[in-house]
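Observations on chain architecture
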Number of protein chains: 2
Amino acid sequence: MAGRNMVIAQSGGPSAVINASLAGAISRAMASEEIDRIYGAVNGLQGFLERRLIDITEQIRSTDDLDLLIHTPSHALGTARYKLPAGQPAVFDDVLAILQEYNAGYFFFIGGNDSMDSISRLAAYFKEKGSDIKAVGIPKTIDNDLAVTDHSPGFGSAAKFVAMVTAEVHLDTIVYPIPAVTILEIMGRNAGWLTAASALARRSGIAAPHLIYLPEVDFDPDAFIADVAALLETEKQIVIAISEGIRLADGSYIAETGAAEDMFGHKTLGGAATALEAMIKREIKLDKLKIRAIQLSTLQRSAAHIASATDQAEAFQCGYRAVEAALKGISGVMISIQRASNDPYLVYYQESPLVGIANVEQKVPLEWITPDGKDVTQEAIDYLLPLIRGEATERMSEGLPVFFRFDWSKLVTP
Amino acid sequence: MAGRNMVIAQSGGPSAVINASLAGAISRAMASEEIDRIYGAVNGLQGFLERRLIDITEQIRSTDDLDLLIHTPSHALGTARYKLPAGQPAVFDDVLAILQEYNAGYFFFIGGNDSMDSISRLAAYFKEKGSDIKAVGIPKTIDNDLAVTDHSPGFGSAAKFVAMVTAEVHLDTIVYPIPAVTILEIMGRNAGWLTAASALARRSGIAAPHLIYLPEVDFDPDAFIADVAALLETEKQIVIAISEGIRLADGSYIAETGAAEDMFGHKTLGGAATALEAMIKREIKLDKLKIRAIQLSTLQRSAAHIASATDQAEAFQCGYRAVEAALKGISGVMISIQRASNDPYLVYYQESPLVGIANVEQKVPLEWITPDGKDVTQEAIDYLLPLIRGEATERMSEGLPVFFRFDWSKLVTP
């Protein structure tokens with residue numbers, strides 16, 4: 001008796017290990033007699049609704065392909081900024097109809113908060129309609145803001161990149177005999193996890209970052225300038241790590257205060273680091289002071305050339321266990337990572353109900369931020385450190401990465 | 001009979017492998033009976049003139065220290081933006097006097113054009129004054145703009161980082177089903193070598209970069225906008241690699257055309273990529289078009305977490321051979337790398353007279369730039385590819401790099 005098929009899709013922003021989760025799911029599915037074909041939706045739910053499905057079973061031809069997929073950053077299946085429209089049951093009907101067309105008994109979605117919201121609502125809808133299709137979520141976010149899970153795949157690799165470049169940028173600035181302030185702008189609109197990870201750079205025996213500002217705490221420009229000026233009296237070169245989302249007590253983003261008109265009269269948003277750069281230039285008059293704003297931009301989420309081996313292995317496990325859960329008949333859950341201990345670092349996996357996860361932003365606990373609001377505590381560092389352990393590089397050939405690429409044009413009909 | 005001592009200093013901007021050259025020189029000197037103490041000047045010639053010398057012989061205690069030094073980015077001895085003042089013989093007298101105080105028979109300087117100019121003039125001065133002190137230059141520049149040498153240590157590692165992040169950023173952008181233009185701003189004020197290296201990303205099987213602009217060719221904004229618009233009709237997401245130094249036919253930098261007033265009335269120089277971003281925003285009206293400017297900033301020169309193994313080995317050799325040359329009694333030369341063939345990649349080293357090197361900027365040959373001025377030729381790629389081969393990572397512990405650090409406060413007197 002032939003089994004049912006499965007559909008898997010990726011969503012949200014890129015990460016270095018999102019394909020490791022995909023590979024984990026594929027790996028478990030291929031070992032199952034209950035799952036026949038593995039379909040991948042190109043460009044997430046948006047592509048799925050346009051019936052843009054490829055046959056992964058055909059395109060992954062060997063364990064070597066699977067291994068290459070694990071080491072390829074960003075979404076091998078593409079993504080989309082698409083949210084299931086609330087109050088439009090027709091779209092939910094479409095999703096169910098397409099799954100039925102493709103004889104799918106299993107639906108998996110790899111993504112962050114919005115994606116978990118989508119799959120939560122789909123799972124409830126399938127049940128309501130009497131469908132036996134199992135829907136399971138696989139966590140992914142470099143921002144680490146998913147609730148219920150101890151941390152999310154993708155975060156550890158981005159955190160590792162942030163910590164490493166913080167250390168390297170510090171070495172780059174201390175070699176000059178002139179005072180310097182370097183401001184690193186790190187992703188995280190509402191949650192400061194990635195910026196907190198810059199503190200790990202100190203494990204390389206350096207003093208940077210000297211100041212760390214997260215969006216969880218109001219940013220006080222006067223205190224900031226006073227702190228920078230005071231630091232410059234004892235330290236020659238200082239490194240400041242800030243989240244892109246830091247804001248004033250009135251809720252306005254620092255990035256907005258730096259908005260300038262470009263030559264064509266457009267408002268340009270230079271980013272929070274650029275705004276702080278301008279603030280220091282105006283307020284601190286120090287001979288030869290060099291101020292540099294660096295936005296890590298998308299590099300921090302796609303830098304698979306220095307991914308965390310721990311993160312990559314956990315990403316694989318989450319994908320693997322999502323399929324396992326669905327095969328057990330479980331639906332409406334997300335695979336979560338639970339931490340048993342920091343040292344030794346031990347985790348286990350759970351099937352956590354999606355209700356209560358979706359749309360809750362997990363922020364850095366205030367007690368992990370020092371009372372002065374410009375650093376993180378040892379507890380935060382103990383939490384972060386195990387997540388960046390081990391190096392997982394891309395597969396290399398002649399000095400350059402080799403990527404696995406699905407052929408998105410080979411669409412299949414049921 | 002005790003030998004003479006040597007002094008070594010580093011200069012210019014950081015690179016991932018400048019300490020490999022230092023380690024090469026130390027390694028050769030330690031094996032020599034003619035060299036007694038190895039002094040390192042902290043912060044280049046500026047620190048040397050302030051008698052800020054440390055005893056490397058004491059601070060490098062094992063081959064493990066030396067190996068760690070090889071894998072540590074940026075200047076282990078510090079640097080300075082200092083140029084020997086012309087027409088001030090007193091400074092030259094000071095250099096000679098300090099070297100004599102420290103009983104130095106050998107003086108080495110690792111750096112780029114300015115540094116080679118300094119050591120060239122010092123070598124001539126020593127000779128003129130009847131001193132037997134040997135002065136030898138060791139090449140270092142991520143810009144690859146030193147003359148006479150086929151390429152310079154430091155360039156290959158920066159080029160590798162540029163190529164890798166070009167590939168990763170491309171994967172980051174193609175996953176969305178919306179049109180996007182990503183502009184990568186790469187270092188190189190007058191020479192476009194590093195930007196040319198972005199073309200190597202195509203070896204990862206991707207289309208990026210779609211357009212490449214070097215400072216060697218006048219930048220034509222009208223042609224640029226026409227090219228971007230045309231590309232967006234066939235390619236959904238395009239990646240553009242530009243040198244920070246691209247300029248208009250009248251010689252003005254593109255970065256300057258993007259100068260805006262910040263909120264405090266200061267002129268801000270957003271960089272060339274930001275200027276092009278504004279230009280595209282103004283000229284190309286395409287629904288949902290996402291435009292992103294990314295400055296690789298100092299990350300590209302300190303990213304020792306993905307250095308080129310080829311570059312690192314050559315950097316070591318240049319340092320090693322500089323000491324060897326001085327021990328043979330040669331002065332007033334720089335160790336240069338000469339290429340025998342691209343495939344197989346074979347190089348040999350020469351002692352090249354410093355006269356004719358200093359102050360000549362080696363730019364990308366115009367025949368290596370395509371006639372339309374927006375790409376590089378196969379010949380350029382054949383030249384570049386061997387330089388990024390092999391991966392040399394930092395030494396890692398618990399997921400973070402371990403750095404060798406000299407104690408700069410342990411200054412020594414003669």
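Everything here concerns the structure above.
Bear in mind the structure is a predicted one, so any value in this text is a computation, not a measurement. Every residue gets a number counted from 1 within its own chain, in the order that chain's sequence is written. Here chains are named by letter from A upward and ligands by number from 1 upward, in the order in which they appear as written. Under the rules for a predicted model, residues below a pLDDT of 70 receive no local features and side-chain atom pairs below 80 are neither given nor counted, while totals for whole chains, interfaces and linings still include all residues. Working from all heavy atoms in the structure, the side-chain values ignore hydrogens and water.

1. Concerning the overall build of chain A
Scanning chain A from terminus to terminus reveals 14 helices and 17 strands. Here the C-alpha atoms of chain A give a radius of gyration of 23 Å, agreeing with the 22 Å that 2.2 N^0.38 yields for 414 residues. If you line up chain A on its principal axes, its C-alpha atoms span 80 × 45 × 45 Å. For chain A, the exposed surface amounts to about 14,600 Å²; the carbon and sulfur share of it is 48%. By the counting rule applied here, Lys and Arg register as positive and Asp and Glu as negative, while His and the ends of each chain are not counted. Taken as the charge centre is NZ of Lys, CZ of Arg, CG of Asp or CD of Glu, depending on the residue. Distance between charge centroids for chain A: 2 Å, based on 36 positive and 52 negative side chains. A run of H or I in DSSP counts as a helix once it spans at least four residues, and a run of E counts as a strand once it spans at least two, with each numbered from the N terminus. As a reference, a globule follows 2.2 Å times the number of residues to the power 0.38, and the radius of gyration itself is taken over C-alpha atoms. Here the accessible surface of atoms and residues is derived via Shrake-Rupley with a 1.4 Å probe, and residues count as covered only by protein chains that are part of the display.

2. Brief notes about the sheet that holds strand 5 (residues 134–139) of chain B
Residues and elements named next belong to chain B. At least two DSSP bridges between two strands are needed for those strands to be called paired. Pairing is mixed across the open sheet formed by seven strands, whose spatial order is 3-2-1-4-5-13-14. Whereas interior strands pair on both sides, the edge strands pair on one side only; in this sheet they are strand 3 (53–55) and strand 14 (346–353). With strand direction ignored, the average angle separating the axes of adjacent strands in the sheet is 30°. Note on contacts: a residue pair qualifies if any of its non-hydrogen atoms lie within 4.5 Å across the two residues. Axis lines are fitted to C-alpha atoms, over the contacting stretch for helices. Their N-to-C directions set the angle, which ranges from 0 to 180 degrees. Relative to strand 1 (residues 4–10), helix 1 (residues 18–30) is tilted by about 175°, and along the sheet it contacts strand 1, strand 2 (35–41), strand 4 (104–111) and strand 5.

3. Notes on the interface of chain B and chain A
If you look at the interface, chain B gives 69 residues, while chain A gives 69 residues. Together, the buried faces of chain B and chain A total about 6,100 Å²; carbon and sulfur atoms form 62% of this surface. Between Lys or Arg on one side and Asp or Glu on the other, a salt bridge is scored when a side-chain nitrogen of the former is within 4 Å of a carboxyl oxygen of the latter. Taken together, the links from chain B to chain A amount to six salt bridges. In the analysis that follows, any N or O atom pair within 3.5 Å is treated as a polar contact, provided that within protein one partner can donate a hydrogen and the other can accept it, and provided that, for residues neighboring in sequence, both atoms belong to side chains. Where chain B touches chain A, the interface holds 25 residue pairs in polar contact (both at pLDDT 80 or more). Elements supplying a minimum of two residues to the side of chain B that touches chain A: helix 7 (155–174), strand 9 (260–261), helix 11 (272–283), strand 11 (290–295), helix 12 (299–302) and strand 17 (400–402) of chain B. A simple way to read buried area is as the amount of 1.4 Å-probe accessible surface that goes missing from two parts once joined, with both sides added.

4. Regarding the packing of aromatic side chains
What counts as a ring pair is set by centres within 6.5 Å for rings of Phe, Tyr and Trp (its six-membered ring), and what kind of pair is set by the plane angle: stacked under 30 degrees, edge-to-face over 60, tilted for all other angles. Summed over all chains, the structure comprises 24 aromatic pairs over all chains. Relative to Tyr102(B), the ring of Tyr39(B) lies with its centre 5.2 Å away and its plane at 75°, an arrangement referred to as edge-to-face. One end of the pair, Tyr39(B), is in strand 2; the other, Tyr102(B), is in the loop between helix 5 (89–101) and strand 4, and 63 residues separate them in sequence. Accessibility here uses a 1.4 Å probe with only protein chains present; expressed as a share of the type maximum, an area under 20% marks a residue as buried, one over 50% as exposed, and anything in between as partly exposed. For Tyr102(B), a relative accessible area of 3% gives the class buried. Seen from their ring centres, Trp193(B) and Trp368(B) are 6.0 Å apart, and the 85° between their planes marks the pair as edge-to-face. Of this pair, Trp193(B) sits in helix 8 (residues 193–196) while Trp368(B) is found in the loop between strand 14 and helix 14 (378–384), placing the two residues 175 residues apart along the sequence. Residue classification places Trp193(B) among the buried positions, given a relative accessible area of 4%. We classify Trp368(B) as buried; its relative accessible area is 13%. Connected via pairs of aromatic rings, a cluster forms that spans Phe48(A), Phe107(A) and Phe109(A). For a lysine, the NZ atom is tested; for an arginine, the CZ atom; a charge sits over a ring if that atom is within 6 Å of the ring centre and within 35 degrees of the ring normal. Taking the ring centre of Tyr253(A) as reference, the NZ or CZ of Arg189(A) above it sits at 4.2 Å.

5. Focus: the relation of the copies chain B and chain A
Of the transformation placing chain B onto chain A, the axial shift is 0.0 Å and the rotation is 180°, giving an RMSD of 0.0 Å. Such a combination of turn and shift is consistent with a two-fold rotation axis. Comparing interface residues between copies, 100% of those in chain B also sit at the interface in chain A, which points to an isologous, same-surface contact. Here the copies are matched by least squares. The fit uses the C-alpha atoms of residues with pLDDT of at least 70 in both.

6. Points about the sheet that holds strand 8 (residues 237–243) of chain A
Residues and elements named next belong to chain A. One open sheet accounts for four strands, arranged 7-8-6-11; its pairing is parallel. Of all the strands in the sheet, the pair left with one neighbour each is strand 7 (211–213) and strand 11 (290–295). Strand after strand, the sheet turns through a mean of 15° between neighbouring axes, direction not considered. By the bridge criterion, three bridges tie strand 7 to strand 8 in an arrangement that is parallel. In the strand pairing of strand 8, Ile212 is matched with Ala241.

7. Considerations on the side chain of Ser118(B)
All names here are of chain B. For Ser118, the location among the structural elements is in helix 6 (residues 113–128). Ser118 sits in the buried class, given a relative accessible area of 3%. Apart from residues no more than four positions distant in its own chain, Ser118 is found in contact with Leu45, Leu84 and Phe109.

8. Observations concerning the environment of Phe404(A)
Residues and elements named next belong to chain A. Locating Phe404 in the fold gives a position in the segment after strand 17 (400–402). Taking relative accessible area as the criterion, Phe404 reaches 8% and is therefore assigned buried. When the C-alpha positions of Phe404 and Ile357 are compared, they lie 32 Å apart, and in sequence the two are 47 residues distant. Once residues within four sequence positions are removed from consideration, Phe404 is found in contact with Gln59, Ile60, Asp65, Leu68, Leu69 and Thr72.

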